[in-house]
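Secondary and tertiary structure notes
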Amino acid sequence: MGETSSRAGRHAAPVAGSPLRRWAAMLLAAMVVLVSFSRADDASAADSGSVTLAPTQATFTSSASPRTSYAAYDLLVSTSSVYRTYLTFDTSAVPAGATVTNAELRLSVRTSATRTPGLAVRSVPSGWRASAVTSANRPTARGAALNTPVTAVPGATMSARLDPSGIVAGGATSFEVLYEVRASGVRLDKLGSKGPRLVLTWTTGGSTATPVPTPTRTSATPRPSASATPRPSSTPRPTTTPTVRPTPSASAAPSPTAAPVTPPQSTRLPYEVAGTGQAKVFAHYFTPYPISLDNDDPSRDYYARNYLAPDGEGGAHREYGGLLRDRPVERSPLSGDWKMKDARTEIDQAADAGIDGFIVDLLNLENFHWERAVRMADAAHADGRGFVVIPQLDMTTSAGKADIDLITAKFAEYVAKPAAYRLPDGRPVISAFKAEAKSADWWREVLTKLRTDHGVDAAFMPTFLNAVDNMEAFAPITYAQGVWGTRNPGNILAGRNFAAQAHALGDQWLAPISVQDSRPMQGVFQEAANLETLRASWQRAIEDGADMVQLVAWNDYSENTVFAPSVHHGNVFLDVSGYYGTQFKQGRAPAVTGDAVYLTHRMQPVDAKPQLSHDLMELMSGGTTSTKPRDTVEVQTFLTAPAAVTVRIGSATHTYTAPAGVDARTFPLALGSVSASATRSGATIARVTSPFTVVSSPLVQDLQYVAASSRG
């Protein structure tokens, strides 16, 4: 069958785009001035006139790249501070000395991530050239805004009525345009019939200007701030002081959504899962590893024979002890369309945990990987739960290297599916893994071809491996951005606030949520520190004010970055993550409604030597902030009231009193069995024994954390 992915490992100041073809000709054509004069029959009446003007100069600037010109871009960008649009209109058609009675600036909105009024137009000096203007030398705005705030609605035209005093009769009139709402993401059409227009009327007699309401500044809706709490400790020694507290409550920032839908509540969970709402939780779906590859008995199916066996696929994976160390939860062979049944099962598993949709990795645009991606979209629609899919072009594989016409055709085909995720303005969302493999100009061409060749006006949400060097360059063409991220709690907590950077650029932020990472085939691992990586990921998403999250990943077993139910961790990662996901969605920690104990540990010490000779994994993360490799058992409890907890690890026994709510403790790993129980008022309320014994001499090196739950 040979389905092993050949994709390489996932870890591994904008540029002004090339001048657009016939840019000068298009701009000159857009500068046609339509002037009409009307004279009253009564010779004593005042002369009047009207004019509709296209700009003679149009550009935007970015303070994040103060010496970069964006004049060649085919759009305009306005945010609360970083991006500013500048326009000049030739208003010489208005006679000197005339009284402007009405002035209206019309702007066609391409994208917007807010419904709060925020358009602010101010006068600036004229005489500048678009090709020369940068943030470092931009014209300085004069005085207050000329208009009352207006709302940017994607696909519609904003009409801002301006104070006529801002119009220069007989000369040139220039404006600075901002959108004074945080994370607004407002992008405006620049060229052709949708380009900016200034509409003026005037009189040359004694008429007075029509009164314009005095502009009132509208403050942006404040982003809820997270309350500070202690961060999780990575200290491995046992302690009677909790090493982690529940992640701090914070209101999740708004994100496009439909009406809230509450999923069916599972008796397995010790809390109530939040439904679909404003803040979105997505999971990265990796097509090489569906629930089953051949519908055979799990004891002899393709996973067992070729992926888990050290000499599987004819010995292709012998040098690293086998391709995988875990697999999807086992099932018996199914009748009928088992592939569609499995896809719907995965959707139900995700939806039950509060996940809103899959970001589906497009590894290939024609073979069985493409078929699985399409099947997942069809299954989401058939499941009828409002689960959505987002196509993500994988730039590290053949899909990302395909011809641009094929890429746009496949994007168009996928987003035509009923389950494709769409923003409130109707635009479907497309994504890319390692988007920076191609330039922002190349992606601009993709988006343009989608519009012109397929009639698809898509919203772009790239996932970067290197966000630091690429966010600014991509911001003019994106509505949201994300990063693949790291899997080490120390590095996660010490990392930069990408959400704030995205918001300053006018974009939304898709934060990564991870649980662990160990890759036998690539020979590297990261220290996840039991469930600390998971909690740190959620902590940063909540505290930083992320708009959406991406669980990385749903089912990439080759990197052991798996949330989906599996043989080695059951539902634990999904269940614990769902608690913080519910907090992210509803802006507060959910009430604990049941008692539960979760165990996580490795099945061997970090430095254990395997029986089979093969290449060993080495530590990937380093640096002063990195959590170092450790041998620990973690007990995370969800309790409705305090309880006495007993933990047995090999021959050692540890006891402590766990508080009501959520709590986590770590203890030294030891050889033998691992178990924990909680008692209250003399009665056992939760008990769990790990099905995995800790050994000193494993068959192969396996550095994943396994897990077990008292609730099955």
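Residues numbered from 1 in each chain as written. Predicted model: local features only at pLDDT ≥ 70, side-chain atom pairs only at ≥ 80, totals over all residues. Heavy atoms only, no water.

**Remarks on the environment of Ala373**
Examined against the element boundaries, Ala373 turns out to sit in helix α5 (residues 368-383). The class for Ala373 is buried, based on a relative accessible area of 0%. Along the backbone, Ala373 and Thr287 are 86 residues apart, and their C-alpha atoms lie at a distance of 6.6 Å. Not counting residues within four places of it along the chain, the set of residues in contact with Ala373 comprises Thr287, Val360, Leu362 and Tyr414. (Helix = DSSP H or I, 4+ residues; strand = E, 2+ residues; numbered from the N terminus. Buried < 20%, exposed > 50% of the residue type's maximum accessible area, 1.4 Å probe, protein only. Contact = heavy atoms within 4.5 Å.)

**Details of unusual backbone geometry**
Residue Ala553 is reached from Val552 by a cis peptide bond, and omega for that bond is 5°. Phi angles above zero are rare outside glycine, and Asn530 is one such case at about 60°. With respect to the secondary-structure elements, Asn530 resides in the loop between β20 (524-526) and α11 (532-544). Non-glycine residue Ser681 carries a positive phi angle of around 55°.

**Thoughts on empty space enclosed by the protein**
The calculated volume of the largest cavity comes to roughly 160 Å³. Every residue lining the largest cavity is counted, 18 residues in all, and those nearest its centre are Arg110, Leu447, Arg451, Pro476 and Ile477. Among the elements of the structure, β6 (99-111), α7 (440-454) and β16 (459-464) are those that each provide at least two residues to the lining of the largest cavity. Considering every element that reaches the lining of the largest cavity, the biggest residue donor is α7, with 4 residues. By residue class, the composition of the lining of the largest cavity is 8 nonpolar, 3 polar and 7 charged. Size it by volume and the second largest cavity reaches roughly 70 Å³. (1 Å grid on protein atoms, 1.4 Å probe; cavity = no way out; pocket = protein on both sides within 12 Å on 5 of 7 lines; lining within 4 Å. Points joined across faces, edges and corners; volume = space filled by probe spheres on them. Nonpolar A, V, L, I, M, F, W, Y, C, P; charged D, E, K, R; others polar.)

**Observations regarding helix α6 (residues 404-415)**
If you check α6, its first and last C-alpha atoms are 16 Å apart, about what 12 residues at 1.5 Å a residue would give, namely 16 Å. Buried within α6 we find Ile404, Ile407, Thr408, Lys410, Phe411, Ala412, Tyr414 and Val415. Packing partners of the buried residues in α6 comprise β13 (357-362), α5, β14 (388-394), β15 (429-433) and α7. Between a side-chain oxygen at the N-terminus of α6 and the backbone nitrogen of Asp405 the separation is 2.8 Å; the capping residue is Asp403. (Expected span 1.5 Å × (residues − 1). Polar contact = N/O pair within 3.5 Å; in protein donor to acceptor, adjacent residues only side chain to side chain.)

**Overview of the sheet that holds strand β9 (residues 172-179)**
Read from one edge of the open sheet, 4 strands run β3-β5-β9-β7, paired in antiparallel fashion. One side of each edge strand has no neighbouring strand; the edge strands of this open sheet are β3 (57-62) and β7 (119-124). The mean angle between the axes of side-by-side strands here comes to 25°, regardless of whether they run parallel or antiparallel. Taken together, the 6 bridges between β3 and strand β5 (residues 83-90) define a ladder with antiparallel strand orientation. Bridge pairing in β5 links Thr61 to Arg84. (Pairing = 2+ DSSP bridges. Axes fitted to C-alpha atoms, helices over the stretch in contact; angles between N-to-C directions.)

**So, the confidence of the model for the protein**
Mean pLDDT over the protein works out to 86, with 84% of the residues at or above the 70 mark. Low pLDDT, under 50, characterises residues 1-8; the stretch is placed with 30 contacts to residues that sit more than four places away or in other chains. A low-confidence stretch, residues 207-260 stays under pLDDT 50, and its non-local contacts, those more than four residues away or across chains, total 144 contacts. (pLDDT = per-residue confidence, 0-100.)

**Section: the pattern of salt bridges**
The final tally for this structure, using the stated rule, is 31 salt bridges. Put simply, Arg110 and Asp189 hold a salt bridge, and the shortest N to O gap is 3.1 Å. Remark: Asp189 occurs in strand β10 (residues 186-189) and Arg110 occurs in strand β6; sequence separation between them is 79 residues. Asp189 shares its class with Arg110; the two are buried. Among the salt bridges present, the one from Arg427 reaches Asp425, with a minimum N-O distance of 2.9 Å. (Salt bridge = Lys/Arg side-chain N within 4 Å of Asp/Glu carboxyl O.)

**Looking at the pairing of strand β17 (residues 480-483)**
Residues Ala480 and Gly482 point to one face of β17 and Gln481 and Val483 to the other, with burial holding for every one of them. The pairing of β17 with strand β18 (residues 508-513) spans 3 bridges and is classified as parallel. Counterpart to Ala480 in the pairing with β18 is Gln508.

**Here we look at the sheet that holds strand β24 (residues 596-601)**
Picture the strands of a sheet paired through backbone hydrogen bonds; they go either parallel or antiparallel. An order of β29-β26-β24-β32 is seen for the 4 strands of this open sheet, with the pairing classed as antiparallel. At either margin of the open sheet sits one strand with a lone partner, and together these are β29 (661-668) and β32 (706-709). With direction set aside, neighbouring strand axes in the sheet form an average angle of 15°. In this structure, β24 lies alongside β32, joined through 4 bridges in antiparallel fashion. Looking at the pairing, Tyr598 lines up with Ser709 of β32.

**Considerations on the nonpolar core**
Counting 139 residues, the largest nonpolar core has Phe358 and Trp443 as the members making the most contacts within it. Not counting residues within four places of it along the chain, the set of residues in contact with Phe358 comprises Ala283, Tyr285, Glu346, Ile347, Ala350, Met376, Phe387, Val388, Val389, Ile390 and Trp554. Membership of the second largest hydrophobic core comes to 20 residues, among which are Val635, Ala643, Val674 and Val694. (Core = buried A, V, L, I, M, F, W, Y, C linked by side-chain atoms within 4.5 Å.)

**Comments concerning the side chain of Arg375**
Here Arg375 lies in helix α5. Within the buried set, Arg375 has no salt-bridge partner at all; the shortest N-O distance to an opposite charge, 4.9 Å, is to Glu371. For Arg375, the residues in contact, after removing those within four places along its chain, are Lys339, Met340 and Ala343. (Lys, Arg positive; Asp, Glu negative; His and termini not counted.)

**Regarding the packing of aromatic side chains**
Tallying each qualifying case throughout the model produces 28 aromatic pairs. An angle of 55° between the planes, with centres 5.9 Å apart, marks the rings of Phe60 and Tyr83 as tilted. Pair noted here: Phe60 is in strand β3 and Tyr83 is in strand β5, with a separation of 23 residues, a long-range link. By the burial criterion, Phe60 is buried, and Tyr83 matches it. Taken together, a centroid distance of 5.8 Å and an interplanar angle of 50° make the contact between Trp538 and Phe584 tilted. Taken as a pair, Trp538 in helix α11 and Phe584 in helix α12 (residues 572-586) lie far apart in primary sequence, 46 residues in all. Since its relative accessible area comes to 1%, Phe584 is described here as buried. (Phe/Tyr/Trp six-rings, centres within 6.5 Å; stacked < 30°, edge-to-face > 60°.)

**Quick notes on the side chain of Asp394**
With respect to the element layout, Asp394 can be found in strand β14. In this structure Asp394 comes out as buried when scored by relative accessible area, which is 0%. At 2.6 Å, the side chain of Asp394 and the side chain of Thr396 are in polar contact.

**Overview of the packing of α5 against α6**
At a minimum axis distance of 10 Å, the contact between α5 and α6 shows a crossing angle of 25°. Here α5 is positioned roughly parallel relative to α6, judged by the angle of their axes. Each of Trp370, Ala373, Val374 and Ala377 in α5 lies in contact with α6, whose residues at this interface are Lys410, Glu413 and Tyr414. Its residues assigned to classes, the contact of α5 with α6 comprises 5 nonpolar, no polar and 2 charged. (Parallel < 35°, antiparallel > 145°, perpendicular 65-115°, else oblique.)

**Comments concerning helix α4 (residues 338-352)**
Look at α4: 21 Å from first C-alpha to last across 15 residues, which is about the 21 Å you get at 1.5 Å a residue. Buried within α4 are the following residues: Trp338, Asp342, Ala343, Glu346, Ile347, Gln349, Ala350 and Ala351. Where the residues of α4 are buried, they touch β12 (280-285), β13, α5, β22 (555-556) and α12. After α4 finishes, the residue Gly354 shows a positive phi value of roughly 85°.

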